[in-house]
Amino acid sequence: MSDKAALPKASDFPIGTTFVIKEFDVPLAWVPGQGWVNWFGGVPRPYDPSSLKVDNNWLADSFEEWIGIVEASLKSK
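Worth saying up front: this structure is predicted, and the values here are computed from it rather than measured.

Colleague: Just to check I follow, could you spell out the confidence of the model for the protein chain for this structure?
Modeller: Should pLDDT be low for a region, the predicted coordinates there are not to be read in detail. Across the protein chain, the average pLDDT comes to 92, with 92% of residues at 70 or higher. Taken as a whole, residues 1–5 scores under 50 in pLDDT and shows 3 contacts with residues more than four places along the chain or in a different chain.

Laid out in structure tokens, this is it:
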């Protein structure tokens with residue numbers, strides 16, 4: 001799949017980046033010096049975190065879990 005080549009690697013993110021999953025299928029990242037970014041569809045876009053609530057998002061268990069959500073979002077486009 002050619003989309004696989006477009007997926008970011010952990011090394012593409014600065015130290016301190018936080019990987020978050022919102023509502024089971026939205027991959028978000030908090031990037032130091034940049035703020036919140038939505039990676040749904042494999043393209044990073046600025047994200048307004050005002051819709052984040054205590055019960056609709058959580059930290060990804062690992063970068064691998066988070067990138068799996070990004071990859072799944074490519075298939076749903």
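Next comes the rest of the description.
Colleague: Looking at this structure, I do not really get the pattern of salt bridges. What am I missing?
Modeller: Side-chain pairing between opposite charges can occur once the charged atoms of the two side chains come close. In total, this model carries 1 salt bridge according to the counting rule given. With a shortest N-O distance of 4.0 Å, aspartate 12 and lysine 9 are connected by a salt bridge. Classification of lysine 9 as exposed rests on a relative accessible area of 52%.

Colleague: Can you help me understand the pairing of strand S3 (residues 35–38) in this one?
Modeller: The side chains of a regular strand alternate, residue by residue, between the two faces of the sheet. Bridge count between strand S2 (residues 26–31) and S3: 4 bridges; the pairing is antiparallel. Across the sheet, alanine 29 pairs through a bridge with valine 37, a residue of S3. Both S3 and strand S4 (residues 45–46) contribute to a ladder of 2 bridges, which runs antiparallel. Directly across from valine 37, in S4, lies its bridge partner proline 46. Taking the residues between adjacent antiparallel strands as the criterion, S3 and S4 are bridged by 6 residues, where glycine 41 takes a positive phi near 85°.

Colleague: Honestly, unusual backbone geometry in this entry has me stumped. Any pointers?
Modeller: Most peptide bonds take the trans form, and the phi angle of most residues other than glycine is negative. Positive phi, close to 50°, is recorded for glutamate 23, a residue that is not glycine. Looking at where glutamate 23 falls in the secondary structure, it is placed in the loop between strand S1 (18–22) and S2.

Colleague: Where do I start with the sheet that holds S3 in this structure?
Modeller: Think of a sheet as strands paired side by side through backbone hydrogen bonds, with each pair either parallel or antiparallel. Taken in spatial order, the 5 strands of this open sheet run S4-S3-S2-S1-S5, and their pairing is antiparallel. Edge strands, defined here as strands with exactly one partner in the open sheet, are S4 and strand S5 (57–59). Bridging between S1 and S5 involves 3 bridges; their strand directions are antiparallel. Residue isoleucine 21 lies in a different strand from S5, and its bridge partner there is tryptophan 58.

Basis of the calculations
- Residues numbered from 1 in each chain as written.
- Predicted model: local features only at pLDDT ≥ 70, side-chain atom pairs only at ≥ 80, totals over all residues.
- Heavy atoms only, no water.
- pLDDT = per-residue confidence, 0-100.
- Contact = heavy atoms within 4.5 Å.
- Salt bridge = Lys/Arg side-chain N within 4 Å of Asp/Glu carboxyl O.
- Buried < 20%, exposed > 50% of the residue type's maximum accessible area, 1.4 Å probe, protein only.
- Pairing = 2+ DSSP bridges.
- Helix = DSSP H or I, 4+ residues; strand = E, 2+ residues; numbered from the N terminus.

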